[in-house]
Amino acid sequence: MAKTISHIVKRPGRLPGEPDVEIPIAEDLVTVPGSPTRERDVSFYSREYPIETQNIEKAADREWGWTIYTPEVLEYRKGHDVANKPLIDAAAVSGDIPPTVSPEAGLDVTDSIRAKATDLGFGEVGFTKYDRHYTFESKKKWARFSSAICLALEQDYDQTQTIPSLEAEYAHFGTYEIAGAIALELAAHIRSLGYHAQVHSPNDNSGIYIPLFVAAGLGQLGANGQLLSPHFGSRARLLIITTDAKVTHDEPIDYGINKFCDTCQVCVDRCPARALVKDRVWWRGTHKNKLIYDRCRPVMVTYEGCAICMKVCPIQKFGMPEVMQHYVETGEVKGKGTEELEGYDLRGKGHFGPGELPHMGKEIFEFPHGTQTDWLVTQFKEKLAANGGPETEDAVEFAEKLNVLVGRGDDAQSDE
Ligand code: SF4
Ligand code: SF4
C-alpha cells in the first residue's frame, strides 16, 4: 500500500559528476534527525565509564583470533598488517605536522576539502564538531582539533556479495589500505590550505566514529550496528580527520532508518550467531539495537569476518533511494524474504536460504574474554586447578589471593 511522503532528502550522486539523488521518506518512518540521544547520559557515561578500544579491552580474543583463522586468512591478514603499518605510523604523528602556508583570513575551506576528498575517492564526506564523548580513554590526550571530517570509502560491490568469504576479506581490508593512504593525501591538502590535519586511522581507531558520521548527516545507525549511508549502506570503511580549519558543520538528517530497521529486521533474522537483537535499548545515551559482542566475535573470527549482517542489508545491496522509494510505493522492504538478498553460504555448513539458519554448537562461544591480563589470570587459575596447586610458600599465598579474586569475579562489581 502506498505511503504518504513526509520529506525528501536530497544528496549528491554516488560518484563525482553524477546528478543529485532524491530519497523519499515515508511519514510512518519519521523519528528524529540522526539518532535518538540523551545528551546528559552520553556525557555521564563518557565521564564515569569512558569507552576504550577493543584492542585493549578485548585484547584476549584479539590474540586468540590469530589462532583460529584459516591458513589463507592468516596469510592475508599478516600481509595486510605489513602493508598497513606505515599508514598507521604516519597517521599517528600527522597531527604534529605544521601547515605549509598561512591560512587566508576568513576563508571557509569546506568546499575545497570536500572536493579534494571526493576526487581522492571518498564516497561520503561530512563535517561536524569533534565530539570527545566518543573518544577512547587511551586516545584522549592524543586526539586534537575541534572539527571532524567524516570520510567513508565504499568497498567493492561484487566482492561484498560473496560474504562471508576470503574474497570479501580482500574487499574489507583492501579498502582500509586505500582509505588509510588517501586520508594522508587529504591531510596534506588541508595543510596546504594553512591548517592542521590529524588522521585518525581506520585501523587504529581513536574512538567510535559512527556517532560523528550520523551528526554529519551521512546516514543513520542500523540495527546491524553499522552506519547506513545513502548510497552503499554499511558497505564502506570509515575514518575521520580532525582539523582546526575554518569549516561549516553539516546537520544530522532523518533518513527514516530508525523506524525502517524496526520493520525490516533482516539482519537480526539472518545472523548465524543470533548476536543481533530485535528490540532497542538505551545504551550509553543512545537508543539502539545493542549487538551481543560475545556471540558475534567468535563467529566473525571463525568464518572469514562473517559480516552477513552487512551483506543481507537491503540498503547495502540496493542503496537507500531505491529501498525508500520501494517502501513508499508498496509499504514493503525491498528484497526481504528473497534468496537474492538473504541467502548465504557458510564454510563447512552449507547454504542457508531465507528462514534457514546454521546450527552453532556451544563450543564456538567458548573463547578468551577481557584484557590480556584477564586472560593470563584465567589461564593461571586453570593451571593451578589442573596441577593441584603450586609448590612454594609465596606462590601458595598468591594463588590463594588469586583464587579469592577470581572466585569473587569482576562481574560481581558490574551491572553492565
Ligand atoms: S558479523 Fe556475523 S555474527 Fe556478527 S552480528 Fe553480523 S551476522 Fe551476526
Ligand atoms: S538489514 Fe534491515 S534492519 Fe538490518 S540494518 Fe539493514 S535496514 Fe536495518
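Residues numbered from 1 in each chain as written. Chains lettered and ligands numbered in written order. Predicted model: local features only at pLDDT ≥ 70, side-chain atom pairs only at ≥ 80, totals over all residues.

Colleague: Describe the site of ligand 2, naming the residues involved and giving the relevant values.
Modeller: Taken together, 14 residues surround ligand 2, and among them Gly 222, Cys 261, Cys 264, Cys 267 and Cys 313 come closest. Secondary structure elements with two or more residues in the shell around ligand 2: α9 (257–264), α10 (266–270) and α13 (314–318). Per element, the largest residue contribution to the shell around ligand 2 is three residues, and it comes from α9. Class assignment of the residues belonging to the shell around ligand 2 gives a composition of eleven nonpolar, three polar and no charged. (Near = placed C-beta within 6 Å. Helix = DSSP H or I, 4+ residues; strand = E, 2+ residues; numbered from the N terminus. Nonpolar A, V, L, I, M, F, W, Y, C, P; charged D, E, K, R; others polar.)

Colleague: Got a sec to walk through the site of ligand 1? Specific residues and values, please.
Modeller: As a matter of local geometry, ligand 1 sits amid 13 residues, with Cys 271, Ala 273, Cys 296, Cys 306 and Cys 309 nearest to it. Of all elements in the fold, only α11 (293–302) and α12 (308–311) reach the threshold of two or more residues within the shell around ligand 1. With three residues, the top contributor of residues to the shell around ligand 1 is α11. Tallied by class, the residues present in the shell around ligand 1 amount to 13 nonpolar, no polar and no charged.

Colleague: Summarise the environment of Lys 58; cite the residues concerned and give the values.
Modeller: Along the chain, the position of Lys 58 falls in the loop between α2 (54–57) and α3 (59–68). Spatially, the C-alpha atom of Lys 58 lies 5.3 Å from that of Thr 371, the residues being 313 residues apart in sequence.

Colleague: Got a sec to walk through the packing of helix α5 (residues 110–120) against helix α7 (residues 166–192)? Specific residues and values, please.
Modeller: One can describe the packing of α5 onto α7 by two numbers: an axis separation of 10 Å at closest approach and a directional angle of 155°. Classified by the angle their axes make, α5 and α7 are roughly antiparallel. The chirality of how α5 crosses α7 is right-handed. Between α5 and α7, the residues in contact are Ile 113, Lys 116, Ala 117 and Leu 120 and Ile 182, Glu 185, Leu 186, His 189 and Ile 190, respectively. Residue composition of the contact of α5 with α7, grouped by class: six nonpolar, one polar and two charged. (Axes fitted to C-alpha atoms, helices over the stretch in contact; angles between N-to-C directions. Parallel < 35°, antiparallel > 145°, perpendicular 65-115°, else oblique. Left-handed = near helix turned anticlockwise from the far one by under 90°. Contact = placed C-beta atoms within 7 Å.)

Colleague: Could you give an account of the nonpolar core, naming the residues involved and the relevant values?
Modeller: Core analysis: the largest hydrophobic core is formed by 86 residues, its most contacted members being Cys 150, Leu 151, Leu 212, Phe 213, Ile 240, Ile 241 and Cys 309. Broken down by element, this core gets its largest block of residues, nine residues, from α7. Setting aside anything within four residues of it in sequence, one finds Cys 309 in contact with Asn 224, Cys 267, Cys 271 and Leu 276. (Core = buried A, V, L, I, M, F, W, Y, C linked by C-beta atoms within 7 Å. Buried ≥ 20, exposed ≤ 12 C-beta atoms within 10 Å, placed from the backbone.)

Colleague: Residues and numbers for the environment of Ile 68, please.
Modeller: Looking at the secondary structure, you find Ile 68 in helix α3. Distance from Ile 68 to Thr 302, taken between C-alpha atoms, is 6.2 Å for residues 234 residues apart in sequence. With residues near it in sequence (within four places) discarded, Ile 68 still touches Val 301 and Thr 302.

Colleague: Summarise the sheet that holds strand β8 (residues 236–243); cite the residues concerned and give the values.
Modeller: Spatially, β3-β4-β8-β5 is the arrangement adopted by the four strands of the open sheet, whose pairing is antiparallel. Edge positions in the open sheet fall to β3 (124–129) and β5 (197–200), since each of these has one partner strand only. Across this sheet, the average inter-strand angle for adjacent strands is 25°, counted without regard to direction. Pairing geometry for β5 and β8, over four bridges, is antiparallel. Counted as the bridge partner of Ala 197 is Thr 243 from β8. (Pairing = 2+ DSSP bridges.)

Colleague: So what about the domain arrangement of the chain? Which residues, and what values?
Modeller: Segmentation of the chain into domains returns domain 1 (1–370) and domain 2 (372–411). Using C-alpha coordinates to define each centre, domain 1 is positioned 40 Å away from domain 2. (Domains from an automatic or database assignment.)

Colleague: For the pairing of strand β4 (residues 147–154), give the residues involved together with the corresponding values.
Modeller: Burial analysis of β4 places eight of its eight residues in the buried class, which makes it a mostly covered element. Residue alternation in β4 divides its side chains into two sets, Ser 147, Ile 149, Leu 151 and Leu 153 and Ala 148, Cys 150, Ala 152 and Glu 154, and both sets are buried. Taken together, the eight bridges between β4 and β8 define a ladder with antiparallel strand orientation. The residue of β8 that forms the bridge with Ser 147 is Thr 243.

Colleague: Explain unusual backbone geometry residue by residue, including any values.
Modeller: The residue after Ile 163, namely Pro 164, is reached through a cis peptide bond having omega -5°. Along the chain, Pro 164 turns up in the loop between α6 (157–161) and α7. With a phi close to 65°, Gln 265 is a non-glycine residue in the positive phi region. With respect to the helices, strands and loops of the structure, Gln 265 is situated in the loop between α9 and α10. If you check the backbone angles, Cys 306 has positive phi at about 50° while not being a glycine.

Colleague: Account for α3, with residues named and values stated.
Modeller: Listed in full, the buried residues belonging to α3 are Ala 60, Asp 61 and Gly 65. Taken end-on, α3 shows its buried residues confined to a sector of 140°, consistent with a single buried face. Turned more than 90 degrees from where α3 packs its buried face, Glu 63, Trp 66 and Thr 67 sit exposed. (Arc of directions from axis to C-beta.)

Colleague: Describe the packing of helix α4 (residues 71–92) against α7, with residues and values.
Modeller: Taken N-terminus to C-terminus, the directions of α4 and α7 make an angle of 10°; their axes are 9 Å apart at the nearest point. Comparing their axes, α7 and α4 come out roughly parallel. Judged by residue contacts, Glu 72, Val 73, Tyr 76, His 80, Ala 83, Asn 84, Leu 87, Ala 90 and Ala 91 of α4 engage Leu 166, Glu 169, Phe 173, Tyr 176, Glu 177, Gly 180, Ala 181 and Leu 184 from α7. A breakdown of the residues in the contact of α4 with α7 according to their chemical character gives eleven nonpolar, three polar and three charged.

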